[in-house]
Amino acid sequence: MLWADKYRPKDLANLDYHKDQAVNLKNLVKDGDFPHLLVYGPLGAGKKTRIMCLLRELYGAGAERLKMEMMSFTTPSNKKLEIMTVSSNYHIEVNPSDVGIYDRVVVMDIIKNVAQSQQLNSNAQREFKVIVLTDVDDLTKDAQHALRRTMEKYIANCRIILCATSISRVIPAIRSRCLCIRVPAPSEETIINILHYTCEKESLKLPRGLAERIVQVSNRNLRRALLICEACKVEQYPFKEDQNVAEPDWQIFIKKTAARMLQNQNMDTLSKVRENLYELLTNGIPSDIIFKTLLEELLKNCDMGIKSKIVEEAAIHEHRMAQGNKSIFHLESFVAKFMYIYQEMMQEMLGDF
Amino acid sequence: MQAFLKSGKLGESSGKSSSSKPAKKPKSVPWVEKYRPKTVSDVVEQSEAVAVLEQCITGADLPNLLFYGPPGTGKTSTILAASRQLFGDIYKERILELNASDERGIQVVRDKVKTFAQLTASGTRPDGKPCPPFKIVILDEADSMTHAAQAALRRTMEKETKTTRFCLICNYVSRIIEPLTSRCTKFRFKPLNDSMILERLQYISKEENVECDETTLNALVETSGGDMRRAITCLQSCAKLTGPGKKMDINSVLEVTGVVPQHWLQDFLKICKGLVNYNNLETFIQNLILEAYAASQILEQLNDHLVNSEEFNNMQKALIGEKLGAVSYRLQDGGSEYIQLLDLGNTIIQAYALSA
């Protein structure tokens, strides 16, 4: 079992950080009822952990007996869809964006299914079930609109917990129907403490310097920090202060790509870069992460003067990429645009002499 | 006979339930539902719509209606309250409520709406009281209907005027096709007045025994932006979070409403103003996102700040305002928060450069 799963807190009282919030959450479910929730925060901040703790607080240990199940749906156009759900007796967890543009059908059907089956004995159990929807920010607008009224209508029989990385993409109508819970990323100091604590449990010794470097690479993402720490252990134990902290190889790969773009701006580079991008995409790196990392790398190495221009172009291209569904076009077009701007600046500088 | 059987059965079952489960908890209803206006006259602000509906309740004819306005201004509440008053107990049979969560393509409009519209309605209730001889089709969130489905409604709406009235509800009237809007009486629902919301919140908090002072409530009202539902949901959430018997404080309100603390905004502007190192801006935005503050909220607050600020001249305001619009649109459309905010930061830097 990975450390990140093994040492995941199971109880609201055992959470390592945001303790005030934990107390609040406990208050929230104390009398056995709560409004719909929208939990949001960056990756690896502990959103899921908090949701599971909350469910446990509500239903007891039964909420942890999970089973996986394939559910199938039929769209109005008679297309069969299958989606993986994780459920216990008390809750069901789905990621509706798995089925792409058909997410609306899934959202509607699941809520209606769950909501229509009432609990027979409402004294022994809670009178509602919980539906956990993950990655709500990736839902289509259609599906989000479908959620609005359904949420209100079936509130007697089910509660919905939404989980999102950013709520900018969640329509205001849903936000106003939920209690929004912000889960900020843990501070660097907290992560260091958790790393030390985890290593102690595993009876390992973690030097402070190494922990600090791990945290820096992890970008305040606790899960990633734990994974890196585990990877370091596999690589070399006992730990050394100056041990190599493995950066993810795709990050290094993007760095190389960026360096190539800065070196030469011509057709040749463009086709080379395209190969690199394809390789990243085929390896399953999400295009928005490629874009962001690439931009960061490029910005590090260019003049103040053109930075604003590049960021402006990046914003436009990134938006288009989110709109369309062939990300390679937009990535490549941005690459070309960047090279153009960069070259123009270089020529201007040379012209001055 | 029927009544006797019914009552006998009811008595029995209720007796049983009271013996087997003596302490049945009262069902908890969200306050938004609990304090929905029961009658049309309870609806606050929206005087035109209320006036028309009240006349209709006293016997006048009801036109086809189109309600539009921002969320939480009482559109759905108004029509539900009105139909309850019009039809009394049988209102469930007389209205067909469809919203975006129901399948609402052209097929449904053709089948369900049409068949419902063709049913005749009598002018009396089962208990003999008079009631208006028509049914109401409520199409909630009509702006998310496809154009084809809207077009299919046109003729149905006219043909069945004898027996059916339509009530379309939407946020943006511009998304309803022209032929439909011209068939309806339009009512704009205004964002609610701050004092109205405050009054309502005070009433609810008294009813529910929530302890909170004027400033906390005022903060709630301010963040709600004229959206009654949001204000009430926030009030309930805050009350839940703090637990019964304790006093609500302003910090928990801010946390629940997701407002970004003012110092973050000031820091943002400060960093853009005296930009020494570009990395500062990048790290700042990175931190902002790691704190999980919503970029859309930041844009909204920045906009408020900008409009009233003395620091910028009109030219600068226009420049930043334009970018705010673009960035906000892209964010809603699925752009990445980091890159979009970076773009905004750049524009602010440029704006500062104008004055220098």
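Predicted model, so just to flag it, every value in this text is computed and none were measured.

## Side note on the overall build of chain B
Phase 1: Regarding its fold elements, chain B presents 17 helices and five strands.
Phase 2: The burial tally for chain B puts 51% of its 356 residues in the buried class.
Phase 3: Across chain B, every contact between residues at least 6 apart in sequence was considered, and the portion connecting residues at least 24 apart equals 73%.
Phase 4: Carbon together with sulfur atoms contributes 54% to the accessible area of chain B, which is approximately 17,300 Å² in total.

## Some thoughts on the pairing of strand β3 (residues 135-139) of chain B
Residues and elements named next belong to chain B.
Phase 1: Burial analysis of β3 places five of its five residues in the buried class, the great majority of the element.
Phase 2: Strand direction decides the pairing type here: strand β2 (residues 95-98) and β3, joined by four bridges, are parallel. Pairing of Leu96 across the sheet is with Val137, part of β3.
Phase 3: For β3 and strand β4 (residues 164-170), the ladder comprises five bridges, and the chain directions are parallel. Following the sheet pairing, Lys135 is matched in β4 by Thr164.

## Here's the deal with the environment of Gly209 of chain A
Phase 1: Here Gly209 of chain A is to be found in helix α8 (residues 208-218).
Phase 2: Along the sequence, Gly209 of chain A and Lys240 of chain A sit 31 residues apart, while their C-alpha atoms lie 8.9 Å from each other.

## Structural notes on the domain arrangement of chain A
All names here are of chain A.
Phase 1: Under the domain assignment, chain A is made up of domain 1 (3-182), domain 2 (188-235) and domain 3 (249-352).
Phase 2: A separation of 30 Å is found between the C-alpha centroids of domain 1 and domain 2.
Phase 3: With eight residues of domain 1 in contact, the opposing surface of domain 2 contributes 13 residues.
Phase 4: Carbon and sulfur atoms supply 66% of the area that domain 1 and domain 2 bury against each other, a total of about 1,100 Å² over both sides.
Phase 5: Ranking the residues of domain 1 by area buried against domain 2 places Trp3, Tyr7 and Gly44 at the top, with a combined share of 63%.
Phase 6: The tally of links from domain 1 across to domain 2 stands at one salt bridge.
Phase 7: In this structure, Glu202 engages Lys6 in a salt bridge whose closest nitrogen and oxygen atoms are separated by 2.9 Å.
Phase 8: Taken together, the residues that form the side of domain 1 that touches domain 2 break down as five nonpolar, one polar and two charged.

## Considering the pattern of salt bridges
Residue and element names in this part refer to chain B.
Phase 1: Overall, the coordinates contain 22 salt bridges over all chains when judged by the stated rule.
Phase 2: The shortest N-O distance in the salt bridge between Glu208 and Lys34 comes to 2.8 Å. With Glu208 in the loop between α9 (194-207) and α10 (214-224) and Lys34 in helix α2 (residues 31-34), the pair connects residues that are 174 residues apart, well separated along the chain.
Phase 3: Judged by its relative accessible area of 21%, Glu208 is partly exposed.

## Points about the sheet that holds strand β7 (residues 179-182) of chain A
Sheets are built from strands that pair by backbone hydrogen bonding, the pairs being arranged parallel or antiparallel.
All names here are of chain A.
Phase 1: Spatial ordering of the open sheet is given by β2-β3-β4-β5-β6-β1-β7, a layout of seven strands whose pairing is mixed. In this open sheet, the two edge strands, each paired with only one partner strand, are β2 (67-74) and β7. Within this sheet the neighbouring strands show an average axis-to-axis angle of 25 degrees, counted without direction.
Phase 2: Pairing between strand β4 (residues 91-94) and strand β5 (residues 129-133): four bridges, direction parallel. Looking at β5, one finds that Glu93 is bridged to Val132.

## Examining the nonpolar core
Phase 1: Membership of the largest hydrophobic core comes to 63 residues, with the highest contact counts inside it found for Ile310 of chain A together with Phe268, Leu342, Leu344 and Ile348 of chain B.
Phase 2: Residue contacts for Ile348 of chain B: discarding those within four places in its chain leaves Phe268, Leu269, Cys272, Leu302 and Ile320 of chain B.
Phase 3: Within the second largest apolar cluster, 51 residues are counted, among which are Leu28, Val39, Phe128 and Ile181 of chain A.

## Details of the confidence of the model for chain B
Residue and element names in this part refer to chain B.
Phase 1: Per-residue pLDDT for chain B has a mean of 80; in total, 90% of the residues score no lower than 70.
Phase 2: Across residues 1-25, confidence stays below pLDDT 50; counting only partners more than four residues off in sequence or on other chains, it has four contacts.
Phase 3: For this predicted complex, the interface score ipTM comes out at 0.83, alongside a pTM of 0.77.

## Details of helix α5 (residues 141-153) of chain A
Phase 1: With 13 residues, α5 of chain A should reach 18 Å at 1.5 Å per residue; the first-to-last C-alpha distance of 19 Å fits that figure.
Phase 2: In terms of burial, α5 of chain A is a largely internal element, 10 of the 13 residues being buried.

## Section: the interface of chain A and chain B
Phase 1: The interface is formed by 62 residues belonging to chain A together with 59 residues belonging to chain B.
Phase 2: Approximately 5,600 Å² of surface area, both sides summed, lies buried where chain A meets chain B, with 48% of it carried by carbon and sulfur atoms.
Phase 3: Sorting the residues of chain A by area buried against chain B places Arg149, Ser168 and Arg182 of chain A first, and these three jointly supply 12% of that buried surface.
Phase 4: The tally of links from chain A across to chain B stands at four salt bridges.
Phase 5: Its salt-bridge partner being Lys323 of chain B, residue Glu312 of chain A comes within 3.9 Å of it at the nearest N-O pair.
Phase 6: Remark: the boundary between chain A and chain B carries 17 residue pairs in polar contact (both at pLDDT 80 or more).
Phase 7: Among the secondary structure elements, those contributing two or more residues to the side of chain A that touches chain B are α2 (19-30), α4 (103-116), α5, α6 (172-175), β7, α12 (287-300) and α13 (304-323) of chain A.
Phase 8: The dominant element in the side of chain A that touches chain B, judged by the number of residues it contributes, is α13 of chain A, at 12 residues.
Phase 9: Partitioning the side of chain A that touches chain B into residue classes produces 27 nonpolar, 14 polar and 21 charged.

## A closer look at the sheet that holds β2 of chain B
All names here are of chain B.
Phase 1: One open sheet accounts for five strands, arranged β2-β3-β4-β1-β5; its pairing is parallel. Edge positions in the open sheet fall to β2 and β5 (185-188), since each of these has one partner strand only. The sheet shows a mean angle of 15 degrees between the axes of neighbouring strands, direction not considered.
Phase 2: Pairing of strand β1 (residues 65-68) with β4, which is carried by four bridges, proceeds in the parallel orientation. Bridge pairing links Leu65 to Cys167 in β4.

## Details of unusual backbone geometry
Phase 1: Non-glycine residue Ser203 of chain A carries a positive phi angle of around 45 degrees.
Phase 2: As for its placement among the helices and strands, Ser203 of chain A is situated in the loop between α7 (188-201) and α8.
Phase 3: Here Ser203 of chain A falls in the exposed class, since its relative accessible area comes to 64%.
Phase 4: Even without a glycine there, the phi angle at Ala292 of chain B is positive, about 70 degrees.
Phase 5: By the element assignment, Ala292 of chain B lies in the loop between α14 (278-290) and α15 (295-308).
Phase 6: For Ala292 of chain B, a relative accessible area of 4% gives the class buried.

## Side note on a nonpolar patch on the surface
Phase 1: Together, Met68, Met70 and Met84 of chain A line one region of the surface with nonpolar side chains, adding up to about 310 Å² of accessible area.
Phase 2: Among the structural elements, Met84 of chain A can be located in strand β3 (residues 80-87).

## Structural notes on the packing of aromatic side chains
Phase 1: Within the structure shown, the criterion is met by 11 aromatic pairs over all chains.
Phase 2: Ring geometry for Phe87 of chain B against Phe134 of chain B: centres 6.3 Å apart, planes inclined by 85 degrees, an arrangement best described as edge-to-face. Taken together, the positions of Phe87 of chain B in helix α4 (residues 75-87) and Phe134 of chain B in the loop between α6 (106-118) and β3 put the pair 47 residues apart, joining distant regions of the chain.
Phase 3: By relative accessible area, Phe134 of chain B is classed as buried at 4%.
Phase 4: Taken together, the ring pairs in this structure connect Trp264, Phe268, Phe284 and Tyr293 of chain B into an aromatic cluster.
Phase 5: Over the face of the ring belonging to Phe128 of chain A we find Arg159 of chain A, whose NZ or CZ atom lies 4.4 Å from the ring centre.
Phase 6: In this structure, Arg165 of chain B packs its charged tip against the face of Phe134 of chain B, placed 4.6 Å from the ring centre.

The rules behind the values
- Residues numbered from 1 in each chain as written.
- Chains lettered and ligands numbered in written order.
- Predicted model: local features only at pLDDT ≥ 70, side-chain atom pairs only at ≥ 80, totals over all residues.
- Heavy atoms only, no water.
- Helix = DSSP H or I, 4+ residues; strand = E, 2+ residues; numbered from the N terminus.
- Buried < 20%, exposed > 50% of the residue type's maximum accessible area, 1.4 Å probe, protein only.
- Contact = heavy atoms within 4.5 Å.
- Areas by Shrake-Rupley, 256 points an atom, 1.4 Å probe, with all protein chains shown as cover.
- Pairing = 2+ DSSP bridges.
- Domains from an automatic or database assignment.
- Buried area = accessible area lost by both parts, 1.4 Å probe.
- Salt bridge = Lys/Arg side-chain N within 4 Å of Asp/Glu carboxyl O.
- Nonpolar A, V, L, I, M, F, W, Y, C, P; charged D, E, K, R; others polar.
- Axes fitted to C-alpha atoms, helices over the stretch in contact; angles between N-to-C directions.
- Core = buried A, V, L, I, M, F, W, Y, C linked by side-chain atoms within 4.5 Å.
- pLDDT = per-residue confidence, 0-100.
- Expected span 1.5 Å × (residues − 1).
- Polar contact = N/O pair within 3.5 Å; in protein donor to acceptor, adjacent residues only side chain to side chain.
- Patch = residues over 30% accessible without salt bridge, like charges linked within 9 Å, V, L, I, M, F, W, Y side chains within 5 Å.
- Phe/Tyr/Trp six-rings, centres within 6.5 Å; stacked < 30°, edge-to-face > 60°.
- Lys NZ or Arg CZ within 6 Å of the ring centre and 35° of its normal.

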